[in-house]
Amino acid sequence: MVKAEQVHKSFGRLEVLKGIDLNVRPGEVMCVIGPSGSGKSTFLRCVNHLEKIDAGRLWVNGHLVGYREKGGRLYELRDREVSAQRREIGMVFQRFNLFPHMTALENVMEAPCGVKRQPKAQVRERALKLLDRVGLADKVHGYPAQLSGGQQQRVAIARALAMEPALMLFDEPTSALDPELVGDVLEVMKQLALDGMTMVVVTHEIGFAREVGDSLVFMDGGRVLEEGRPREVLANPRHPRTRDFLSKVL
Ligand SMILES: Nc1ncnc2c1ncn2[C@@H]1O[C@H](COP(=O)(O)OP(=O)(O)OP(=O)(O)O)[C@@H](O)[C@H]1O
């Protein structure tokens, strides 16, 4: 589902990813932790075609990101090919990015996907089901300003799911929330994982990583310094930088 081989990415002279090797198999949940500026978001953005990698190879949902391989040569993808591949990926950000002038239902119905070509009644039906799935059946006509941060984030998750993605990316989805609202969002994410969704989750929620993650990755300085089963990494971090980081967040 996601396979990174020696992925490098720089912004000008700042090298942000310095040879990332990672593998997320179908149905797996990979949680990524690490200090601020370690390259976690940049990696997710590369997976979602929002940034171009400088070197290495990155496969997402079976496609080589950004390129088509033919006869041993690489050809850059056209915009519509990139769009088609991006529709197989749902992404949820720290900030919910909802349209403020649209209700929860309208926000989910607006999801950028092939669904748009379906009859409106069908799109609406599906959006209602998704809002029910994230526990917001009674809030479908609420505007973002009338919803709590946690409810807005659950609308954002429903909107990402409307594309029927094969892969969900979460970039610190609970960091902007008041502590008492975090649990509901994590519960929705846990349910998704139990339903078999493949997920990459950048998070500071160590409890979620321990309980739900199939693997835990520690990134620092643009490198993966440690990767393993969450319980093993958390109980017995091998790299001193992982140990140091965990001692601050646990
Ligand atoms: N578009 C950009 N242009 C220039 N520099 C960037 C850009 N995006 C990210 N960076 C820099 O790349 C580095 C890694 O940023 P990134 O957001 O990937 O880190 P992170 O581990 O997700 O951090 P945080 O936990 O604070 O979100 C930072 O130094 C950041 O300032």
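What counts and how
Residues numbered from 1 in each chain as written. Predicted model: local features only at pLDDT ≥ 70, side-chain atom pairs only at ≥ 80, totals over all residues. Heavy atoms only, no water. UniProt positions renumbered as here; feature names shortened; annotations may be inferred. Pairing = 2+ DSSP bridges. Helix = DSSP H or I, 4+ residues; strand = E, 2+ residues; numbered from the N terminus. 1 Å grid on protein atoms, 1.4 Å probe; cavity = no way out; pocket = protein on both sides within 12 Å on 5 of 7 lines; lining within 4 Å. Points joined across faces, edges and corners; volume = space filled by probe spheres on them. Nonpolar A, V, L, I, M, F, W, Y, C, P; charged D, E, K, R; others polar. Axes fitted to C-alpha atoms, helices over the stretch in contact; angles between N-to-C directions. Contact = heavy atoms within 4.5 Å. Near = heavy atom within 4 Å. Polar contact = N/O pair within 3.5 Å; in protein donor to acceptor, adjacent residues only side chain to side chain. Areas by Shrake-Rupley, 256 points an atom, 1.4 Å probe, with all protein chains shown as cover. Phe/Tyr/Trp six-rings, centres within 6.5 Å; stacked < 30°, edge-to-face > 60°. Lys NZ or Arg CZ within 6 Å of the ring centre and 35° of its normal.

As recorded in an unreviewed UniProt entry, the protein chain goes by Amino acid ABC transporter ATP-binding protein and comes from Actinomadura yumaensis. Database annotation for the protein chain, UniProt heading Sequence similarities (unreviewed entry): "Belongs to the ABC transporter superfamily."

**Student:** Looking at this structure, I do not really get the sheet that holds strand β2 (residues 14-24). What am I missing?
**Tutor:** Backbone-to-backbone hydrogen bonds join strands into a sheet, with any given pair of strands oriented parallel or antiparallel. Across the sheet, which stays open at both edges, the four strands sit in the order β2-β1-β4-β5 with antiparallel pairing between neighbours. Unpaired on one side and paired on the other, β2 and β5 (63-64) mark the two borders of the sheet. Relative to β5, strand β4 (residues 55-60) runs antiparallel, the two being bridged by two bridges. Bridging from a neighbouring strand, V60 pairs with H63 of β5.

**Student:** Is there a simple way to explain the layout of surface pockets in this structure?
**Tutor:** Rolled over the atoms, a probe with the dimensions of a water molecule shows which regions are left empty. Its volume calculated, the second largest pocket comes out at about 200 Å³. Residue lining of the second largest pocket: C46, H49, E51, K52, I53, L58, V65, G66, Y67, E76, L77 and V82, and that is the complete set. Here the lining of the second largest pocket is built from residues that sort into seven nonpolar, two polar and three charged.

**Student:** Would you mind going over the sheet that holds strand β10 (residues 198-202) with me for this structure?
**Tutor:** Strand order in this open sheet of six strands is β8-β9-β10-β3-β11-β12, and the pairing throughout is mixed. The open sheet has two edge strands with one neighbour each: β8 (89-92) and β12 (223-228). Shown here is a sheet whose adjacent strand axes are inclined to one another by a mean of 15°, direction ignored. Of the strands in this sheet, β3 (29-33), β11 (215-220) and β12 are in contact with helix α9 (residues 240-249), which crosses β11 at around 100°.

**Student:** Mind showing me how you'd approach the site of the ligand here?
**Tutor:** Lining the immediate surroundings of the ligand are F11, L14, V16, P35, S36, G37, S38, G39, K40, S41, T42 and E172. Interatomic distance of 3.0 Å between a backbone N/O atom of G39 and an oxygen atom of the ligand. Within the complex, the protein chains bury 58% of what would otherwise be the 640 Å² of accessible surface of the ligand. Looking at the shell around the ligand, the elements that each hand over two or more residues are β2 and α1 (40-47). It is α1 that contributes the most residues to the shell around the ligand, three residues altogether. A breakdown of the residues in the shell around the ligand according to their chemical character gives four nonpolar, six polar and two charged.

**Student:** Could you clarify how one ought to interpret the packing of aromatic side chains in this entry?
**Tutor:** For the structure shown, the criterion picks out one aromatic pair. Between K3 and the ring centre of W59, over which it is positioned, the NZ or CZ distance is 5.5 Å. The cationic tip of R159 hangs over the ring face of F99; the distance from NZ or CZ to the ring centre is 6.0 Å.

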